[in-house]
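# Coordinates in review
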Number of protein chains: 2
Amino acid sequence: MTTDGRLPSWRPGRTRDDVLGFLDDAGSIPPEDRVAYFDNDGTLWCERPTYVQYEFYVDALRRRVADDPALAGEAEFRAVLTGDTAAVGEIGLSRVALALAGLFQGLDPRAFTQEVRDFVRAGAHPTLDRPLSTLRYRPMLELLGALRALDFSVGVVTGGGTEFVRAVSQELYGVPPERVVGTLIAYDLEQDARGRPALRRTARVLGDVNEGAAKVTNIQAQLGRSPVLAAGNSAGDHELLEWAAAAHGPHLSLLVDHDDADREFAYASQAQTFSVTEPVTETAERLGWTTVSMKDDWAVVFT
Amino acid sequence: MTTDGRLPSWRPGRTRDDVLGFLDDAGSIPPEDRVAYFDNDGTLWCERPTYVQYEFYVDALRRRVADDPALAGEAEFRAVLTGDTAAVGEIGLSRVALALAGLFQGLDPRAFTQEVRDFVRAGAHPTLDRPLSTLRYRPMLELLGALRALDFSVGVVTGGGTEFVRAVSQELYGVPPERVVGTLIAYDLEQDARGRPALRRTARVLGDVNEGAAKVTNIQAQLGRSPVLAAGNSAGDHELLEWAAAAHGPHLSLLVDHDDADREFAYASQAQTFSVTEPVTETAERLGWTTVSMKDDWAVVFT
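Here the residue index of a chain counts from 1 through its sequence in written order. Here every chain gets a letter starting at A, and every ligand a number starting at 1, in the order they are written. With the structure being a predicted model, the display of local features is reserved for residues of pLDDT at least 70 and the display and counting of side-chain atom pairs for 80 or more, all residues being used for whole-chain, interface and lining totals. Where side-chain values are given, they derive from all heavy atoms of the structure, hydrogens and water being excluded.

## Section: the sheet that holds strand E7 (residues 290-293) of chain B
Residues and elements named next belong to chain B.
- DSSP calls a pair of strands paired once it identifies at least 2 bridges connecting them. By the criteria applied, helices consist of DSSP H or I runs no shorter than four residues and strands consist of E runs no shorter than two, each listed in order from the N terminus. Here we have 7 strands laid out as an open sheet, ordered E4-E3-E2-E1-E5-E6-E7, and mixed in their pairing. If you trace the sheet from one side to the other, it starts and ends with strand E4 (197-206) and E7, each paired once. Here the average twist between neighbouring strands, direction ignored, is 35 degrees.
- Two strands pair when backbone bridges link them, and strand E3 (residues 180-191) and E4 are joined in this way by 7 bridges, in the antiparallel orientation. Residue pairing in the sheet places tyrosine 187 in a bridge with arginine 201 of E4.
- Note on contacts: a residue pair qualifies if any of its non-hydrogen atoms lie within 4.5 Å across the two residues. Whenever a helix is involved, its axis is fitted only over the stretch in contact; in every case the axis is a line through C-alpha atoms, and angles between N-to-C directions fall within 0 to 180 degrees. Relative to the sheet, helix H8 (residues 162-173) contacts strand E2 (153-161), E3 and E4, its axis offset from that of E3 by approximately 115 degrees.

## With respect to H8(B)
Residues and elements named next belong to chain B.
- With 10 of 12 residues buried, H8 lies mostly within the body of the structure.
- Considered for burial, the residues of H8 that qualify are Thr162, Glu163, Phe164, Val165, Arg166, Ala167, Val168, Ser169, Leu172 and Tyr173.
- Positive phi shows up at glycine 174, right after H8, with a value of about 70 degrees. Type-normalised accessible area, obtained with a 1.4 Å probe on protein chains alone, sets the label of each residue: buried when under 20%, exposed when over 50%, and partly exposed for intermediate values.

## Focus: the packing of helix H1 (residues 14-25) of chain B against helix H7 (residues 138-149) of chain B
All names here are of chain B.
- Taken N-terminus to C-terminus, the directions of H1 and H7 make an angle of 15 degrees; their axes are 10 Å apart at the nearest point. The orientation of H1 relative to H7 falls into the category roughly parallel. The interaxial crossing formed by H1 with H7 has right-handed handedness. Touching Val19, Phe22 and Leu23 of H1 are Leu143, Ala146 and Leu147, all from H7.
- Only Asp, Glu, Lys and Arg are considered charged in this grouping, and only Ala, Val, Leu, Ile, Met, Phe, Trp, Tyr, Cys and Pro are considered nonpolar; every other residue, Gly among them, is considered polar. For the contact of H1 with H7, a count of residues per class yields 6 nonpolar, no polar and no charged. Roughly parallel covers angles under 35 degrees, roughly antiparallel covers those over 145, roughly perpendicular covers 65 to 115, and oblique covers all other angles. Left-handed is the label given to a crossing in which the near helix is rotated counterclockwise from the far helix by less than a right angle, and right-handed is the label when the rotation is clockwise.

## Remarks on the relation of the copies chain B and chain A
- For this overlay, a least-squares fit was computed on C-alpha atoms, restricted to residues scoring pLDDT of at least 70 in both copies. Between the two copies, chain B and chain A, the superposition gives an RMSD of 0.0 Å; the rotation angle is 180 degrees and the shift along the axis is 0.0 Å. The superposition operator between the copies reduces to a two-fold rotation axis. Residue Gln222(B), judged by its C-alpha, is the member of chain B lying nearest the rotation axis, at 3.0 Å.
- Taken together, the interface assignments show that 100% of the residues at the interface of chain B recur at the interface of chain A, consistent with an identical surface on both copies.

## Considerations on the interface of chain B and chain A
- Tallying the contact residues gives 33 residues for chain B and 33 residues for chain A.
- Defined in terms of a 1.4 Å probe, buried area is the accessible area two parts forfeit on being brought together, summed over both. When the two sides are added together, the surface that chain B and chain A hide from each other amounts to roughly 2800 Å², 62% of it contributed by carbon and sulfur.
- Any Lys or Arg side-chain nitrogen found within 4 Å of a carboxyl oxygen on Asp or Glu counts as a salt bridge. Taken together, the connections running from chain B to chain A amount to 6 salt bridges.
- N or O atoms closer than or at 3.5 Å make up a polar contact, with two conditions inside protein: a donor-capable atom paired with an acceptor-capable one, and, for residues adjacent in sequence, both atoms drawn from side chains. The interface formed by chain B and chain A holds 11 residue pairs in polar contact (both at pLDDT 80 or more) in total.
- Those elements that place two or more of their residues in the side of chain B that touches chain A are helix H6 (109-122), E3, E4, helix H9 (213-223) and helix H10 (238-245) of chain B.
- Among the elements that line the side of chain B that touches chain A, the one with the most residues is H9(B), at 7 residues.
- Among the residues making up the side of chain B that touches chain A, the classes are represented as 15 nonpolar, 7 polar and 11 charged.

## Re the packing of aromatic side chains
- Centres within 6.5 Å make a pair out of two Phe, Tyr or Trp rings, where for Trp the six-membered ring is used; the pair is then stacked when the planes are under 30 degrees apart, edge-to-face when over 60, and tilted otherwise. Summed over all chains, the structure comprises 22 aromatic pairs over all chains.
- Measuring from centroid to centroid gives 5.9 Å for Trp10(A) and Trp298(A), while their planes differ by 75 degrees, and the two rings are edge-to-face. You can see Trp10(A) sitting in the segment before helix H1 (14-25) and its partner Trp298(A) sitting in the segment after helix H12 (294-297), a full 288 residues away along the chain.
- Residue Trp10(A) is classed as buried on the basis of its relative accessible area of 2%.
- Judged by its relative accessible area of 0%, Trp298(A) falls in the buried class.
- On the basis of an interplanar angle of 55 degrees and a centroid distance of 5.9 Å, the ring pair of Phe22(B) and Phe152(B) is categorised as tilted. Of this pair, Phe22(B) sits in helix H1 while Phe152(B) sits in the loop between H7 and E2, placing them 130 residues apart in sequence. Each member of the pair, Phe22(B) as well as Phe152(B), is classed as buried.
- Here the aromatic residues Phe56(A), Tyr57(A), Phe104(A), Phe112(A), Phe119(A) and Phe164(A) are joined through ring pairs into a cluster of three or more.
- Charge-over-ring placement is defined geometrically: NZ (Lys) or CZ (Arg) within 6 Å of the ring centre, and within 35 degrees of the ring normal. Over the ring of Tyr267(B) we find Arg48(B), and its NZ or CZ is 3.8 Å from the ring centre.
- Cation over ring: Arg201(B) sits above Phe112(B), and NZ or CZ is 3.8 Å from the ring centre.

In structure tokens form, the structure reads like this:
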């Protein structure tokens, strides 16, 4: 067993041994193949009671409705504003998310980035009494650091919006924007009132919504490389974890199990845009992934 | 005028002064905005008499036809194999390129990468009597190095295939695969004969063919940042160069003019998949871009 000071917030045990074992073996991986991808919501930071990006959209919607009350009558927005989760489920979270993303249609991407940064810097978690920016899992940040020390390219993959996560990925995780792979809003190149070129967000998704197999194909398309370490927490990460597990040479597939009601939340993870029958913890056991028990394996949860 | 040892293959004069002036001013650009993008064909390496990627495809087609002679009867392939440039033009280079890309449908992306590397490492230019890998322009490599010394993110943008260029971008230019933005072939995640996940190239393009405005929108989608230095050589780079020129703060738009019949080629650059009426050198003058005369501004052309 490795006894150095790496991963201080991980409790000794089989899970930590698996992770340290991978780090010890990583020296044999060719440098260009040292690629590690982490799902964002529920893997790098807290996703309950709702996704942070969803809170960002709801906040934007409330401000928009104050200016234009008619917006509140649209079915997607009515479901959101009344907190009617049954109605959101019936409409489908993907469709609701797309309607919410449409609130930012026409915006310059830099202005969108600034709005996201302002929200994450100033916001607080609705129940945990801490700033949004401290919802990151400390043990995962330690792992990101250990991977970087081994010259890994560390990236973030998300079922949510690429631009939302990349607005804060450098600040929160030290991950540059080009290593964030998520659901992509398309851009149009237009001209502003003075005839100068101007990038504008559209309400169209470019390619597929980034869940399931799309997490693998979109990493390949955007990065041109495959991860040998993947971490996730829900059925939407299944293909990604299976893909990393299929790598030749050292590899690691980590599944975060949210089983800590005292310090975080206890729930059976499932992507809210995605449905499968087998609980993902059982999939992990069947396929030989390493399951991280937040309760047992992490001495500290948040940063 | 700067008198240090930067850009030794650039002859003294206004063009070199413009480039050195930008480098001198770049310290005032916030580090996250230090982004420079270079078109590949005709800007970083030679594109005549045909694109290197086209030669790669033709080579693959010849080998494939040896196994399956019926392929030679398809209109796109017949035009290619007989060297009938009029027929290629009539069918359209985009459609011909897509048919050629389709030869690699079903291939694992790693296998495709290896084929490209083998071709570029072993191939020779058809008329210049030099290896393909030495077709890079030495003055441009010096500029890439000077930008990296200033902590720029340096990327390559291409109307051709992303995967073709990223297979060799690290070796040829020191540019990692994720900073190559081109025309993207979509991938499918399938299962191999033993039930393991397998990525396969398709014959579908993901998003738009990467010419004109798409060069700007695709850099934004893939990178999440905008270049403050852009270099190109054809009408397909117009929007990219105009976009860099619109940056706040120091910026530079470079147009390479192929006017050196003795050492390289002399021709009026135009993307072969793209048509406009104004010669791009006149556009450059009208919009205040910096034009690089290969004949006058470069003391050495190739590496």
